[in-house]
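# Secondary and tertiary structure notes
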Amino acid sequence: MQINTLSEFLTQAGTEFRLFDLGRRLQTIEPADFVAIETHQRPYPWPLQRHAWLAVCYWKTHSADQPYIWFLKLPLDERGLLNNGAVKYFLAALVEQLGQDLTAPLSDEQQQNLAQTPFTFAPSPEKLAAFHARLGQVLHTPPSHFYQGALDYLAAPTQDDWQQLGLQGLAEVAARLQNDAPLSQLLVSQWPLLPEPVQTALCQQCEHQPLSDSVNQLLLDAVSHELERHTPDNERIALLLRATAASPAFISRQQKIATLLSVAPSQALMLCLVARLWQELADEALLLAYLSQLAERHGELFNAVFSELVSLPVLRPLILSNLHNPALAPALKDALGALYTASASA
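Residues numbered from 1 in each chain as written. Predicted model: local features only at pLDDT ≥ 70, side-chain atom pairs only at ≥ 80, totals over all residues. Heavy atoms only, no water.

### Some remarks on the packing of helix α5 (residues 125–138) against helix α7 (residues 167–174)
We apply this condition: Axes, fitted as lines to C-alpha atoms, cover a helix only where it is in contact. Angles between the N-to-C directions of the axes lie from 0 to 180 degrees. Put simply, DSSP H or I for four residues or longer makes a helix, DSSP E for two residues or longer makes a strand, and each gets a number counted from the N terminus. An angle below 35 degrees is treated as roughly parallel, one above 145 as roughly antiparallel, one from 65 to 115 as roughly perpendicular, and anything else as oblique. Should the near helix be turned counterclockwise from the far one by less than a right angle, the crossing is left-handed, whereas a clockwise turn marks it as right-handed. We call two residues in contact when some of their heavy atoms are within 4.5 Å. Each residue gets one label: Ala, Val, Leu, Ile, Met, Phe, Trp, Tyr, Cys and Pro are nonpolar, Asp, Glu, Lys and Arg are charged, and the others, such as Gly, are polar.
Relative to each other, α5 and α7 sit at 50°, their axes nearing to 8 Å. Taken together, α5 and α7 sit at an angle that is classed as oblique. As for how α5 packs across α7, the hand of that crossing is right-handed. Contacts between α5 and α7 involve P125, E126, A129, A130, H132 and A133 on the former and, on the latter, L167, Q168, A171 and E172. Its residues placed into classes, the contact of α5 with α7 shows 6 nonpolar, 2 polar and 2 charged.

### A closer look at helix α3 (residues 84–98)
The criterion, for reference: A helix's residues, less one, multiplied by 1.5 Å, set its expected span. Three exposure classes are used, based on accessible area relative to the maximum for each residue type with a 1.4 Å probe and protein chains only: buried under 20%, partly exposed in between, and exposed over 50%. Along the arc lie the directions from the helix axis toward the C-beta atoms. Each polar contact in these results corresponds to two N or O atoms within 3.5 Å; when the atoms are within protein, one needs to be able to donate a hydrogen and the other to accept it, and residues that are neighboring in sequence are counted only if both atoms are side-chain atoms.
Between its terminal C-alpha atoms α3 stretches 21 Å, which fits the 21 Å expected from 15 residues at 1.5 Å a residue. When we look at burial in α3, the residues that qualify are A86, V87, F90, L91, A93, L94, Q97 and L98. Down the axis of α3, the buried set is contained in an arc of 160°. They therefore lie on one face. If you check the start of α3, you find a side-chain oxygen 2.9 Å away from the backbone N of G85, and it comes from N83.

### Here we look at the sheet that holds strand β4 (residues 68–75)
Defined as follows: Strands pair, by our definition, only if DSSP identifies at least two bridges between them.
Here we have 4 strands laid out as an open sheet, ordered β2-β1-β3-β4, and antiparallel in their pairing. Every other strand in the sheet has two partners, leaving β2 (27–29) and β4 as the edge strands with one partner each. Within the sheet, the average angular offset between the axes of one strand and its neighbour, ignoring direction, is 30°. Sheet topology places strand β1 (residues 15–21) next to β2; 3 bridges connect them, and they run antiparallel. By the bridge assignment, F20 is partnered in β2 with T28.

### A short note on unusual backbone geometry
Although it is not a glycine, H40 sits at a positive phi angle of roughly 60°. Structurally, the position occupied by H40 is in the loop between α2 (31–38) and β3 (51–60). Owing to a relative accessible area of 32%, H40 belongs among the partly exposed residues under this scheme. Positive phi, normally seen in glycine, also occurs at Q49, with a value near 55°. Topologically, Q49 is positioned in the loop between α2 and β3.

### Concerning the side chain of N322
Mapped onto the elements of the fold, N322 is located in the loop between α16 (316–321) and α17 (330–345). On the basis of relative accessibility, which here comes to 5%, the residue N322 falls in the buried class. In this structure the side chain of N322 is engaged in a polar contact, spanning 2.8 Å, whose partner is the side chain of E284. With residues near it in sequence (within four places) discarded, N322 still touches E284, L288 and L328.

### Regarding the pairing of β1
Of all the 7 residues making up β1, 5 are buried; the element is thus mostly covered by neighbouring parts of the structure. Of the strand pairs in this sheet, β1 and β3 are connected by 7 bridges, and their pairing is antiparallel. Residue pairing for β3: D21 is matched across the bridge by L54. In this structure, the hairpin formed by β1 and β2 is closed by a connection of 5 residues.

### Digging into the packing of aromatic side chains
This is how the line gets drawn: Aromatic pairs are defined between Phe, Tyr and Trp rings, using the six-membered ring for Trp, whenever the two ring centres lie within 6.5 Å; interplanar angles under 30 degrees are classed as stacked, those over 60 as edge-to-face, and all others as tilted. A ring is considered to have a charge above it if a Lys NZ or an Arg CZ atom is located within 6 Å of its centre and within 35 degrees of its normal.
Within the structure shown, the criterion is met by 10 aromatic pairs. Centre to centre, the rings of F20 and F131 are 5.4 Å apart; their planes meet at 80°, and the pair counts as edge-to-face. Note that F20 is positioned in strand β1 and F131 in helix α5, a separation of 111 residues in sequence. Residue F131 is classed as buried on the basis of its relative accessible area, which comes to 0%. In this structure an aromatic cluster arises from ring pairing among F20, W53, F71, F121 and F131. Against the face of Y147 rests R176, its NZ or CZ located 4.7 Å from the ring centre.

Following this line, the structure appears as structure tokens:
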């Protein structure tokens, strides 16, 4: 029997599995959706640099406490469809190392051989911590020993002991904020007492996890406070805003983004929106405001950012339908014209 997809391979091997996207931010991929992606019924929903950045977790049935994980960077074609040749290459390399038993122990040499295939990658420490925090919840496994340390610190923060906090503990706090009301309230009440490095680390974890309404409001209020300063810190504004990215759309965030595009369209904001909050640009007014500010103030970023935005299936039709919109700002028309000319001459 010929096996052409990851889903078929993992199913035939007698494993259970879960899939996650680790490109722009941590997201769960439902099995049925992934089958549709593998069979080219739909494009990959969250491309980054024309690749799908996957975390594949599998385990023997009834042995979810011993999961195995691959991190795969798979190329996409010009339509955003998964490159099946890359999948087959990786599967062939896997069978060469493991045979037919996916859960066989790997020697150091075998692990190194698999890591050297062109379709694997190493996630950043922040994404890796967020992934393990989410995976622990999916598999109902206990948190790491760092979690209690993070809770103890939040209950009584100091300016001196934060260096002892483990990143994994903060990731596990962020992963519980949506459904743990007392924990959310603790974070809201203690936030002003936390040293800035701890706030930063928590924000970097929150951007991968859906949050409670109270924590989202805390973060947006912090954006407002930063804007009121004589010299606002644009990097911090972007950090606070992107910390809300994994939460479903809500009106106060959309309004805040519209305000920021009007009064503080910094490079940090531009990159924050394309990297973490692209879904908000599905609103046509926000999209056109974003592209106009990008063209007018950050022209050096325009071509690369436009390429990323137009690769996203949720935005591509809206962008293409506005390419010849006569109401486009002059700077945006010029940027699009230059992009077209460059593409035509390439």
